[in-house]
Amino acid sequence: MIKKIGVLTSGGDAPGMNAAVRAVVRAAIKKGMTVYGVKRGYCGLIEDNMEEMNELSVAGIIKQGGTMLYTARSAEFRTEEGVLHAKEICEAHGLEGLVVIGGDGSFRGAADLSAHGIACVGLPGTIDNDIACTEYTIGYDTAMNTAMELMDKLADTSHSHCRCSVVEVMGHGAGYIALNTGIASGALEIITKEIPYDLDKIAKKMLEYKARGKKNFVIVVAESVGHADEIAKLLQEKTSIEARSTILGHVQRGGCPTVRDRVVATEMGYYAVELLEQGIGNRVVGMQNGKIVDFDIQEALSMEKSYDERLHRIAENIAF
Ligand code: F6P
């Protein structure tokens, strides 16, 4: 039986991380465990920056964006010395288990620490939804709703000026945010790495639709697939339709988590503590067909995530 655990958030922050921290802390205390909050991810673990949490430490945070534990990406933790140092800190505090809330990079660290005898359980926390073993990651819904609201505002101004608005969304190269927000904002085109695109064809379509009365155009592009500035410039050159680019950027990571993010984070946080309670580590928690499940970390990291090509084609098909 594990009686003392830690919790940390690592990598890019995501709305709902606080809800997960709250669930971990409250579940652990209910089960008679002692729980420490580690600040700034693995950096805080190496620097011994942690404090004991109680029910009150997490009061009111379920509705807050960001992470009360702060977050970071630690270069030192990627080295063997860093992991060994972190293990010694855990042992010095009597921490036998650790909940790591973050993305794939954070899970690699959790696997390394698990191999050194600290039972780690990863929770998928990233707005990108790019973790293969789970159909949902904490923060995804909030980020998409934020992006959609901003795109709605952009559509107002681009409609008034009869312009083309090229919007770049986050996703760490993956097209999940772009696909869903593109559909939700009625985009003419959704540019993701998963489906090849051709700017000449997009320009031709814009001119055809303009001739049929269309006034404004929204093009959504996933970051690191194309640059919104460049695409806007090229489309304007090809069509003579005035174009403006907007990179939504880090605003997508902020804000109060949606109901979905709060609930999923709570369920996953609770589940992680149930695993640790039984002494089970080296696991990642995920969602499959709406159910909370867990996987061996290495197995989870070797999986490949699919892309909903049919949804992409539907979006293309009905766009005007
Ligand atoms: O993984 C979340 C994410 O926001 C990605 O979408 C983006 O590529 C990256 O983090 C940005 O990282 P940083 O906050 O370090 O600039």
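Per chain, residue numbering runs from 1 following the sequence as it is written. Where local features are concerned, this predicted model is filtered to residues with pLDDT of at least 70; where side-chain atom pairs are given and counted, the filter is 80 or more; whole-chain, interface and lining totals use all residues. To get the side-chain values, all heavy atoms of the structure are used, and hydrogens and water are removed first.

Q: What am I meant to see in the nonpolar core here?
A: Note that soluble globular proteins tend to have their nonpolar side chains buried in a common cluster. Judged by nonpolar contacts, the single largest core of 60 residues is most densely connected at I5, V7, V21 and V285. Here, residues are in contact when the closest pair of their heavy atoms is within 4.5 Å. Sequence-distant contacts of V285, that is, excluding residues within four places in its chain, are made with V121, G122, L123, P124, M268, Y271, A272, L275, I292, V293 and D294. I89, A111, I118 and A300 belong to the second-largest nonpolar core, a separate cluster that totals 27 residues. For our purposes a nonpolar core is just a set of buried Ala, Val, Leu, Ile, Met, Phe, Trp, Tyr and Cys residues, chained together by side-chain atoms within 4.5 Å. We call a residue buried when its accessible area falls under 20% of the maximum for its residue type, exposed when it is over 50%, and partly exposed in between, using a 1.4 Å probe and counting protein chains only.

Q: Where do I start with the site of the ligand in this structure?
A: Only a single heavy atom is needed: when it lies within 4 Å of a molecule or strand, its residue is near that molecule or strand. Inspection of the region around the ligand gives R73, T126, D128, M170, G171, H172, E223, H250 and R253 as its neighbouring residues. D128 places a side-chain nitrogen or oxygen 2.6 Å from an oxygen atom of the ligand. Contacts to the ligand include H172, whose backbone N or O atom sits 3.4 Å from an oxygen atom. What sets the accessible areas is the Shrake-Rupley method with a 1.4 Å probe; for residues, cover comes only from the shown protein chains. When isolated, the ligand has an accessible area of 400 Å², and the protein chains bury 73% of it. Because more than half of its atoms lie within 2 Å of the grid, the ligand is assigned to the largest pocket. In this classification, Asp, Glu, Lys and Arg are treated as charged, Ala, Val, Leu, Ile, Met, Phe, Trp, Tyr, Cys and Pro as nonpolar, and every other residue, Gly included, as polar. A breakdown of the residues in the shell around the ligand according to their chemical character gives 1 nonpolar, 4 polar and 4 charged. Pairing of N or O atoms within 3.5 Å defines a polar contact, subject to two protein rules: one partner must be a possible hydrogen donor and the other a possible acceptor, and residues neighboring in sequence count only if both atoms are side-chain atoms. In this analysis, the protein atoms alone were mapped onto a 1 Å grid. Cavities are point sets where a 1.4 Å probe fits without being able to get out; pockets are open sets with protein on both sides within 12 Å along at least five of seven lines; lining residues have an atom within 4 Å of a point. Put plainly, a molecule is in a cavity or pocket when over half of its atoms are within 2 Å of the grid points there.

Q: I keep staring at the packing of helix α7 (residues 199-211) against helix α8 (residues 228-239) and nothing clicks. Help me out?
A: Two measures define how a pair of helices packs: the angle their axes make with one another and the distance between the axes. Their axes nearest at 9 Å, the elements α7 and α8 cross at an angle of 55 degrees. Viewed along their axes, α7 and α8 adopt a mutual orientation that is oblique. The two elements α7 and α8 cross, and the hand of that crossing is right-handed. Here α7 contributes L199, D200, I202, A203, M206 and L207 to the contact with α8, which in turn contributes I231, L234, L235, K238 and T239. In terms of residue class, the contact of α7 with α8 is made up of 8 nonpolar, 1 polar and 2 charged. Each axis is a line fitted through C-alpha atoms, taken for helices only over the stretch in contact, and angles between the N-to-C directions span 0 to 180 degrees. Numbering of helices and strands starts at the N terminus; helices are DSSP runs of H or I of at least 4 residues and strands are runs of E of at least 2. Each angle receives one of four descriptions, namely roughly parallel if under 35 degrees, roughly antiparallel if over 145, roughly perpendicular if within 65 to 115, and oblique otherwise. By the definition used in this description, the sense in which the near helix is turned from the far one sets the handedness, with an anticlockwise turn below a right angle giving left-handed and a clockwise turn giving right-handed.

Q: Help me out: how do you make sense of helix α5 (residues 140-160) in this one?
A: Because an α-helix completes one turn every 3.6 residues, residues spaced three or four positions apart along the sequence face the same direction. Its 21 residues give α5 an end-to-end C-alpha distance of 30 Å, which sits within 8% of 30 Å, the value for a rise of 1.5 Å per residue. Looking only at α5, the buried set comprises Y140, D141, T142, A143, M144, T146, A147, M151, L154 and S158. Looking one or two residues past α5, C162 carries a phi angle of roughly 50 degrees, positive in sign. Multiplying 1.5 Å by the residue count of a helix minus one yields the expected span of that helix.

Q: Any chance you could explain the sheet that holds strand β10 (residues 283-288) here in plain terms?
A: Remark on secondary structure: sheet strands pair via backbone hydrogen bonds, oriented parallel or antiparallel. Overall, mixed pairing links the 7 strands, which are arranged β3-β2-β1-β4-β5-β10-β11 in an open sheet. Among the strands making up the open sheet, the edge pair consists of β3 (50-52) and β11 (291-296). Looking at each pair of strands side by side, their axes are set apart by 25 degrees on average, direction ignored. A pair of strands is considered paired only if DSSP assigns at least 2 bridges between the two. Looking at chain direction, β10 and β11 are connected through 6 bridges and run antiparallel. Counterpart to Q288 in the pairing with β11 is K291. On top of the sheet, helix α9 (residues 259-277) reaches β1 (4-9), β4 (97-102), β5 (119-124), β10 and β11; it is set at about 140 degrees to β10, its chief contact.

Q: What is the right way to look at the side chain of R163 in this model?
A: Residue placement: R163 occurs in the loop between α5 and β6 (164-169). At 3.2 Å, the side chain of R163 and the side chain of E242 are in polar contact.

Q: What's the story with the sheet that holds strand β7 (residues 189-191) in this structure? I'm lost.
A: Taken together, 4 strands build an open sheet; the order of strands is β7-β8-β6-β9 and the sheet is parallel. In this open sheet, the two edge strands, each paired with only one partner strand, are β7 and β9 (243-247). Going across the sheet, the axis of each strand differs from the next one's by a mean of 20 degrees, ignoring polarity. Here β7 runs beside strand β8 (residues 217-222); their pairing, made up of 3 bridges, is parallel. Residue pairing for β8: E189 is matched across the bridge by I219. Contacts from α5 reach β6, β8 and β9 within the one sheet, and its direction differs from that of β6 by about 160 degrees. Across the sheet, α7 touches β6, β7 and β8, and the angle it forms with β8 is around 160 degrees.

Q: How should the environment of F217 be read in this particular structure?
A: Counting through the fold element by element, F217 comes out in strand β8. Note: C-alpha distance between F217 and C162 (55 residues apart in sequence) is 8.0 Å. Apart from residues no more than four positions distant in its own chain, F217 is found in contact with S158, R163, C164, S165, L188, M206, Y209, K210 and I241.

Q: How should I be thinking about the pattern of salt bridges in this particular structure?
A: If charged atoms from side chains of opposite charge come close, those side chains can pair. Salt bridge, as used here: a side-chain nitrogen of Lys or Arg that lies within 4 Å of a carboxyl oxygen of Asp or Glu. Summed over the entire model, instances satisfying the criterion amount to 13 salt bridges. Residue E194 is joined to K193 by a salt bridge in which the shortest nitrogen-to-oxygen separation is 3.7 Å. E194 gets classed as partly exposed once you look at its relative accessible area, which sits at 21%. Notably, a salt bridge pairs E237 with K233, separated by 3.9 Å at the nearest N-O pair. Here E237 and its partner K233 are both found in helix α8, 4 residues apart, which amounts to about one turn of the helix. We classify E237 as exposed; its relative accessible area is 54%. A relative accessible area of 48% places K233 in the partly exposed class.

Interpretation in functional terms is not warranted from these geometric data alone.
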